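# Architecture at a glance
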Amino acid sequence: MKSIEDDGVFEGYASLFNREDLGHDVIAPGAFRDSLLQRGAARIKMLFQHDPAEPIGVWEDIREDARGLYVRGRLMTAVAKAREVLALMRAGALDGLSIGFKAEKGRRNAATGVRRLEKVDLWEISVVTFPMLPGARVESVKARPFKAAAPTEREFERWLTRDAGLTRMEARAVFRSGFHGLKALRDAGRTFDDDAGLAVRFRAAARQISPAT
């Protein structure tokens, strides 16, 4: 998530395209298209920890963009659990988003075990403690990175993974060899974005540093 307002409104990404999750699934761009056309945001549930007995709000906007599945939702603060979730999100104690879906079209790489999903039926998006996709996390305070001083290596790696959407493997490749390191990973089948996809994500991340970038 990217921001949390006093009225319970927040936004962020529930899924990132071409990122391998902890279950060895990769969501391809366009995978949510048919499901969103059929259901729309109003018919996709907002749950806590994937528990159907714990609805905590409503989704006001869900759409695919170049980075992934963008969402904007509102926690229903009249509900006790939603108030608890809001307090935990503000404190940074609860910082994940996770999708509930049925795989409809995909293929698994026999060598790597990675399943690339090209079409999914999305039925719910949850606020969770531990997201299956580590990059789908909360930023409870919207602050521009590197504002006060040059970043440490750890801070720069965090920017590469959190804002530019790279995996830790890709971030380390950038440290070692810059763009050529990413190209070597892609050529070896360990990363999925082409040059245009990488450029889009880096431009979006750069805007987090400076609105004029």
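What you see is a predicted model; the values in this text were computed from it and never measured.

Counting its regular elements, the chain contains six helices and eight strands. For the chain, the sequential pattern of α-helices and β-strands runs β-β-β-α-β-β-β-α-β-β-α-α-α-α. Per-residue burial for the chain yields a buried fraction of 42% across its 213 residues. Contacts in the chain between residues at least 24 apart in sequence constitute 62% of all its contacts with a sequence separation of at least 6.

A surface patch of nonpolar side chains, about 200 Å² in accessible area, is lined by Val58, Met76 and Val79. Inspection of the secondary structure assignment puts Val58 in strand β5 (residues 51–64). Relative accessible area serves as the criterion here: at 40%, Val58 is assigned to the partly exposed category.

The subject of this paragraph is the confidence of the model for the chain. Predicted confidence across the chain gives a mean pLDDT of 81, with 74% of residues reaching 70 or more. In the model of the chain, strand β1 (residues 3–4) stands out as the element of lowest mean pLDDT, 60, in contrast to strand β4 (residues 45–48), which has the highest, 97. pLDDT under 50 marks residues 139–144. Its contacts with residues more than four places away, or in other chains, come to 17 contacts.

Our focus in this paragraph is helix α2 (residues 80–91). For α2, built from 12 residues, the straight-helix expectation of 16 Å at 1.5 Å per residue is met to within 8% by its first-to-last C-alpha distance of 17 Å. Among the residues making up α2, those that are buried are Ala82, Val85, Leu86 and Met89. When α2 is viewed along its axis, its buried side chains cluster within an angular range of 100° and face the same direction. One or two positions beyond α2, positive phi appears at Gly92, with a value near 80°.

A separate point is the packing of aromatic side chains. Under the criterion given, the structure shown has three aromatic pairs. Between the NZ or CZ atom of Arg67 and the centre of the ring of Tyr13, over which it lies, the distance is 5.0 Å.

Moving on, we come to the pattern of salt bridges. By the definition in use, this model includes 11 salt bridges. Residue Arg115 pairs with Asp25 through a salt bridge whose shortest N-O separation is 2.8 Å. Taken together, the positions of Arg115 in strand β8 (residues 115–128) and Asp25 in strand β3 (residues 25–27) put the pair 90 residues apart, joining distant regions of the chain. Across the pair Asp61 and Arg72 runs a salt bridge, and its minimum N-O distance is 3.7 Å. Of the two residues, Asp61 sits in strand β5 while Arg72 sits in strand β6 (residues 68–75), which places them 11 residues apart along the sequence. Among the residues examined, Asp61 registers a relative accessible area of 17% and is labelled buried. Bridged by salt links that share partners, the residues Glu60, Asp61, Arg63, Arg72 and Arg74 form one connected network.

Here is what the cut-offs are and how they apply
- Residues numbered from 1 in each chain as written.
- Predicted model: local features only at pLDDT ≥ 70, side-chain atom pairs only at ≥ 80, totals over all residues.
- Heavy atoms only, no water.
- Helix = DSSP H or I, 4+ residues; strand = E, 2+ residues; numbered from the N terminus.
- Buried < 20%, exposed > 50% of the residue type's maximum accessible area, 1.4 Å probe, protein only.
- Contact = heavy atoms within 4.5 Å.
- Patch = residues over 30% accessible without salt bridge, like charges linked within 9 Å, V, L, I, M, F, W, Y side chains within 5 Å.
- Areas by Shrake-Rupley, 256 points an atom, 1.4 Å probe, with all protein chains shown as cover.
- Salt bridge = Lys/Arg side-chain N within 4 Å of Asp/Glu carboxyl O.
- pLDDT = per-residue confidence, 0-100.
- Expected span 1.5 Å × (residues − 1).
- Arc of directions from axis to C-beta.
- Phe/Tyr/Trp six-rings, centres within 6.5 Å; stacked < 30°, edge-to-face > 60°.
- Lys NZ or Arg CZ within 6 Å of the ring centre and 35° of its normal.

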